[in-house]
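If you want the building blocks of each chain, they are given just below.
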Amino acid sequence: MTVTGPQGFRAAGVAAGIKASGALDLTLVVNDGPLDVAAGVFTRNVIKAAPVLWSQEVLKQQRLKAVVLNSGGANAATGPGGFQDTHATAEKVADVLQVGAIEVAVCSTGLIGERLPMDAVLSGVDTAFKALDASAEASLNAAKGVMTTDTKPKQAFAKHEKGWSVGGFAKGAGMLAPNLATMLSVLTTDAVVDKETLDRALRGATHVTFDRLDVDGGTSTNDTVLVLASGASGVEPTEAELTELLTTVSLDLVLQLRADSEGATKDVNVTVQGAETEADAIAVARTIAEDNLVKTALFGSDPNWGRIAMALGRVPATIDPERVSIAINGVTLFAQGMPAADRTEADLTGRAIEIVVDLGVGGEAATIYTTDLSHGYVEENSAYSS
């Protein structure tokens with residue numbers, strides 16, 4: 001069990017008929033309490049989907065009884081009608097659960113610019129309500145119900161030695177970039193926690209996980225990460241303990257998202273250390289991770305450190321060329337402004353690639369999780385509307 005692993009949660013994933021394929025396309029997660037504390041982080045894209053606008057508003061009170069999610073349509077750039085559809089969906093969930101609509105978050109994913117088939121969505125809520133369960137099968141179906149171009153569901157769970165736990169699922173395979181990185185994700189915990197602590201813990205966790213996943217530079221209109229706390233374990237962790245376990249589960253999901261991202265043949269960690277500020281480290285690492293020339297070289301298993309040097313050198317950060325070093329898979333190829341080894345000494349034939357850049361001007365570091373740019377990515381994203 002994952003999203004239903006922590007005590008106090010039920011979930012369901014059903015085929016509502018939103019997708020023509022008949023695949024699972026609507027997910028419902030319910031917090032049975034006794035607490036209903038929640039927190040969320042959302043896309044920073046100015047073009048925000050209707051469900052994001054709705055969920056941002058209801059999260060102002062930091063209380064949620066449920067989250068309803070659909071795949072098969074993003075409900076983004078759909079105007080007032082799209083927002084009314086989101087409101088109607090929340091109202092429907094509120095009705096079947098006998099709670100207030102303001103206690104229901106809504107998430108959507110799929111094609112931008114089209115209205116949802118609301119008859120299917122609303123009847124799907126009824127179907128999901130009847131299927132609610134705390135079983136492992138319910139967790140798995142919930143994770144499947146949000147998949148779009150994902151080839152497999154992404155789930156994670158971790159239990160603290162004191163008896164409380166964190167679980168969750170995520171979806172995402174393309175349009176994965178900073179500012180939440182990709183995706184939809186619902187996390188659950190049975191820890192006893194107040195809303196301020198939960199909010200800080202979630203932001204601390206996402207800052208070093210979801211915010212650091214950058215596959216293609218595309219910041220989605222729908223990115224949402226929610227965490228719901230039931231308090232059912234009766235255990236109150238410290239803020240540091242909660243942040244740590246949320247980070248563990250979030251990173252697990254991030255690495256699953258990266259491994260299943262569209263067309264990826266390489267799992268790439270870009271670490272920048274020795275930076276003057278954390279912001280500099282993030283900016284340099286992200287620029288390298290997003291650079292198409294770097295990404296295509298990695299696809300070809302070519303340790304072309306010159307492309308990395310080019311990419312980092314165009315970042316408005318504190319950089320001294322004579323102090324920069326670049327290592328790929330443990331081999332330092334560039335240092336003190338000149339080549340340090342023959343590039344062929346770095347073996348990139350495997351899937352895992354570690355790029356480490358040391359700027360040599362400070363003590364801050366950051367890692368961005370990315371992939372290569374393959375034929376498969378181009379073919380998949382040119383073959384259909386996404």
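Only a predicted model underlies this, so the values are computations on that prediction, with no experimental measurement involved.

Please give an account of the pairing of strand E14 (residues 352-358) that cites residues and values.
Burial along E14 is one-sided: Ile353, Ile355 and Val357 are buried, and none of Ala352, Glu354, Val356 and Asp358, which face the opposite way, are. As paired elements, strand E10 (residues 267-275) and E14 share seven bridges and run parallel to each other. Opposite Val270, over in E14, you have Ile355 as the bridge partner. Where strand E11 (residues 325-328) meets E14, four bridges bridge the pair, whose relative direction is antiparallel. Bridge assignment links Ser325 to a residue of E14, and that residue is Asp358.

Account for the nonpolar core, with residues named and values stated.
With 50 residues, the main nonpolar core has Leu26, Val67 and Phe169 as its most contacted residues. Within the second largest apolar cluster, 33 residues are counted, among which are Ile282, Ala289, Ile328 and Ile355.

I'd love a proper account of the environment of Ala366, names of residues and values included.
Following the sequence through the fold, Ala366 ends up in strand E15 (residues 364-371). Classification of Ala366 by relative accessible area gives buried; the value is 5%. Sequence separation of Ala366 and Gly274 is 92 residues, and the distance between their C-alpha atoms is 9.6 Å. Those residues in contact with Ala366 that lie beyond four places of it in its chain are Arg212, Val270, Thr271, Val272, Ala281, Ile282 and Ala285.

Could you give me a rundown of the pairing of strand E5 (residues 104-109), with the residues and numbers involved?
Burial analysis of E5 places six of its six residues in the buried class, the great majority of the element. Burial of the side chains of E5 extends over both faces: Val104, Val106 and Ser108 are buried on one face and Ala105, Cys107 and Thr109 on the other. Where strand E4 (residues 66-71) meets E5, six bridges bridge the pair, whose relative direction is parallel. Following the sheet pairing, Ala66 is matched in E5 by Val104. With respect to chirality, the unit in which E4 leads through helix H2 (residues 79-97) into the neighbouring parallel E5 is right-handed.

Describe in detail the sheet that holds E14, supporting the description with residues and values.
Strand-to-strand pairing in sheets goes through backbone hydrogen bonds, with the strands running parallel or antiparallel. Spatial strand order, E13-E12-E11-E14-E10-E15: six strands in an open sheet with mixed pairing. Edge positions in the sheet fall to strand E13 (338-339) and E15, since each has one partner strand and no second. Most of the contacts of helix H6 (residues 239-259) go to E15, to which it runs at about 40°, and overall it touches E10 and E15. Those strands touched by helix H9 (residues 305-313) are E11, strand E12 (331-335), E13 and E14, and its axis lies near 135° from that of E11.

Any details on helix H3 (residues 118-131)? Residues and values, ideally.
Taking 1.5 Å of rise per residue, the 14 residues of H3 would be expected to cover 20 Å, and the 20 Å separating its terminal C-alpha atoms lies within 8% of that figure. Among the residues of H3, those classed as buried are Met118, Ala120, Val121, Gly124, Val125 and Ala128. An end-on view of H3 places all buried positions within 145° of arc, on one side of the element. The exposed residues of H3 that point more than 90 degrees off its buried face are Asp119 and Lys130. If you follow the buried residues of H3, they end up packed against strand E1 (9-14), strand E2 (26-31), E4 and H2.

Kindly report on the confidence of the model for the chain, identifying the contributing residues and their values.
Residues of the chain with pLDDT of at least 70 account for 97%, and the chain-wide mean is 94. Contacts of residues 176-182 to residues separated by more than four positions or lying in other chains number 48 contacts, the stretch itself having pLDDT below 50.

Mind laying out the pattern of salt bridges, listing which residues take part and the relevant values?
Applying the stated criterion across every chain yields a total of 18 salt bridges. The closest approach of N and O atoms between Asp36 and Lys65, which form a salt bridge, is 3.5 Å. Pair noted here: Asp36 is in the loop between E2 and strand E3 (37-42) and Lys65 is in the loop between helix H1 (50-58) and E4, with a separation of 29 residues, a long-range link. Classification of Lys65 by relative accessible area gives partly exposed; the value is 26%. Residue Lys60 pairs with Glu57 through a salt bridge whose shortest N-O separation is 3.1 Å. Take Lys60: its relative accessible area is 61%, and that puts it in the exposed class. Classification of Glu57 as partly exposed rests on a relative accessible area of 46%. Within the structure, one salt-bridge network assembled from shared partners comprises Asp36, Arg63, Lys65 and Glu103.

Describe empty space enclosed by the protein, listing the residues and the values that go with them.
Picture a little ball the size of a water molecule; that probe, rolled over the atoms, points out where space is still empty. All chains considered together, the criterion is met by one cavity of 30 Å³ or more. Roughly 40 Å³ of internal volume is contained in the largest cavity. In terms of lining residues, the largest cavity is bounded by Leu26, Val68, Leu69, Asn70, Thr86, Thr89, Val106, Cys107, Ser108, Leu116 and Val121. Listed by contribution, the elements that provide at least two residues to the lining of the largest cavity are E4, H2 and E5. For the lining of the largest cavity, the class distribution of residues is seven nonpolar, four polar and no charged.

About the criteria used
Residues numbered from 1 in each chain as written. Predicted model: local features only at pLDDT ≥ 70, side-chain atom pairs only at ≥ 80, totals over all residues. Heavy atoms only, no water. Buried < 20%, exposed > 50% of the residue type's maximum accessible area, 1.4 Å probe, protein only. Helix = DSSP H or I, 4+ residues; strand = E, 2+ residues; numbered from the N terminus. Pairing = 2+ DSSP bridges. Core = buried A, V, L, I, M, F, W, Y, C linked by side-chain atoms within 4.5 Å. Contact = heavy atoms within 4.5 Å. Right-handed = clockwise from strand over helix to strand, strands pointing away. Axes fitted to C-alpha atoms, helices over the stretch in contact; angles between N-to-C directions. Expected span 1.5 Å × (residues − 1). Arc of directions from axis to C-beta. pLDDT = per-residue confidence, 0-100. Salt bridge = Lys/Arg side-chain N within 4 Å of Asp/Glu carboxyl O. 1 Å grid on protein atoms, 1.4 Å probe; cavity = no way out; pocket = protein on both sides within 12 Å on 5 of 7 lines; lining within 4 Å. Points joined across faces, edges and corners; volume = space filled by probe spheres on them. Nonpolar A, V, L, I, M, F, W, Y, C, P; charged D, E, K, R; others polar.

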